[in-house]
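Descriptive structure summary
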Amino acid sequence: MCSVSAALIGLTAAQGITSMASAHQQAKAQSAYYNAQADAAEQNARIADKQREQISDQYLQKQQQLDARRRLVIGQHAAEAGASGLTSSGSVQDMDASAIDEWRNSSMNLLGNQRNDTKSAYINQVNYINQANSARAAAYNARQQGKQAMFGTLLSTAASIYGV
C-alpha cells in the first residue's frame, strides 16, 4: 500500500511540475508577444519623429520655390517696364504689390499646412508611444499572472500530495 501512495505522490508531484512549467512558458510567451508589440510601436514612434523632420524640409523647399517665383515675377515686371520705357511706379508698382500679396497668401497657406501636417505626425508619434507603454504594461501583467498561476499550481499540488 505504501508503494501505491508513493506512486500517487510522485504522479501528483510530476503533474504539478508539468503544470507549473506550462504556466511559466505561457506567461513567457505572452510577455514576449507584448514586448514585440512594444518594440514595433517604439520603432513606429521613431519613424513618425523622422517624418516630422521631413515635413519641415519639404515645406522649406516649397517656400523657397514660392520665394523664387516671387522674385521672378517682380523681375519680369521690371524687365517689361524697362523694355516699354516705364518706371517702377504706377501700374508696375501695382503689379508688384499684387504679386507680393499673392506670395504672402501662399506663404501663409504653406505655413498653416506645415503646422497641420507636423501636428498630425506628432499625434501619431504620441499614439505609438502610448501603444508601446500599454504593451509594456501588458507584458508585465502577463509575467505577474504567470507567477500567480505557478504559485496557485504549487499550492494545489501540495494540497493534493497532502491528501494522498
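All figures in this text were calculated on a predicted structure; none of them were measured in a lab. (Residues numbered from 1 in each chain as written. Predicted model: local features only at pLDDT ≥ 70, side-chain atom pairs only at ≥ 80, totals over all residues. Heavy atoms only, no water.)

**Observations concerning the overall build of the chain**
- Scanning the chain from terminus to terminus reveals two helices and zero strands.
- Over its C-alpha trace the chain gives a radius of gyration of 36 Å, far above what one expects of a compact globule, namely 15 Å for 164 residues.
- Principal axes of the C-alpha set define a box for the chain whose edges measure 125 × 15 × 10 Å.
- Considering the chain as a whole, with its 164 residues, one finds that 18% of them fall into the buried category.
- Considering only contacts within the chain whose residues lie at least 6 apart along the sequence, 91% involve residues at least 24 apart.
- For the chain, the exposed area adds up to about 11,200 Å²; of that, 55% sits on carbon and sulfur atoms.
- Taking the average location of the 14 positive side-chain charges in the chain and that of its 12 negative ones, the two points are 15 Å from each other. (Helix = DSSP H or I, 4+ residues; strand = E, 2+ residues; numbered from the N terminus. Rg over C-alpha atoms; globule rule 2.2 N^0.38 Å. Buried < 20%, exposed > 50% of the residue type's maximum accessible area, 1.4 Å probe, protein only. Contact = heavy atoms within 4.5 Å. Areas by Shrake-Rupley, 256 points an atom, 1.4 Å probe, with all protein chains shown as cover. Lys, Arg positive; Asp, Glu negative; His and termini not counted. Charge placed at Lys NZ, Arg CZ, Asp CG, Glu CD.)

**Comments concerning a nonpolar patch on the surface**
- Together, Phe 151, Leu 154 and Leu 155 make up a nonpolar patch on the protein surface, roughly 300 Å² of accessible area in all.
- As for its placement among the helices and strands, Leu 154 is situated in helix H2 (residues 91-163).
- Using a relative accessible area of 43% as the deciding quantity, one classes Leu 154 as partly exposed. (Patch = residues over 30% accessible without salt bridge, like charges linked within 9 Å, V, L, I, M, F, W, Y side chains within 5 Å. Salt bridge = Lys/Arg side-chain N within 4 Å of Asp/Glu carboxyl O.)

**Overview of the side chain of Asp 96**
- Along the chain, the position of Asp 96 falls in helix H2.
- Buried charge Asp 96 goes without a salt bridge, the closest partner of opposite sign being Arg 70 at 9.5 Å.
- Among residues more than four places away in sequence, those in contact with Asp 96 are Ile 74 and His 77.

**A look at the nonpolar core**
- Ile 55, Tyr 59, Leu 66, Leu 110 and Ala 121 form the largest nonpolar core, which has five residues in total.
- Those elements that provide at least two residues to this core are helix H1 (2-84) and H2.
- Here this core takes three residues from H1, the largest share from any one element.
- Those residues in contact with Leu 110, other than ones at most four positions away along the chain, are Tyr 59, Lys 62, Gln 63 and Leu 66. (Core = buried A, V, L, I, M, F, W, Y, C linked by side-chain atoms within 4.5 Å.)

**Re the packing of aromatic side chains**
- Considering all chains together, one arrives at one aromatic pair under this definition.
- In this structure, Lys 62 packs its charged tip against the face of Tyr 59, placed 4.7 Å from the ring centre.
- Note that Arg 70 overlies the ring of Trp 103, its terminal NZ or CZ placed 4.6 Å from the centroid. (Phe/Tyr/Trp six-rings, centres within 6.5 Å; stacked < 30°, edge-to-face > 60°. Lys NZ or Arg CZ within 6 Å of the ring centre and 35° of its normal.)

**Observations concerning the pattern of salt bridges**
- According to the stated counting rule, one finds five salt bridges in the structure shown.
- Here Lys 50 and Glu 53 are joined by a salt bridge, their closest N and O atoms 3.8 Å apart. Taken as a pair, Lys 50 and Glu 53 lie in helix H1 at a separation of three residues, close to a single helical turn.
- With a relative accessible area of 47%, Lys 50 lands in the partly exposed category.
- Residues Arg 104 and Asp 101 are paired through a salt bridge, measuring 3.5 Å at the closest nitrogen-oxygen approach. Linking Arg 104 with Asp 101, this pair stays in helix H2, spanning three residues, or about one helical turn.
- Salt bridges here are not isolated pairs; linked through shared partners, they connect Asp 39, Glu 42 and Arg 136.

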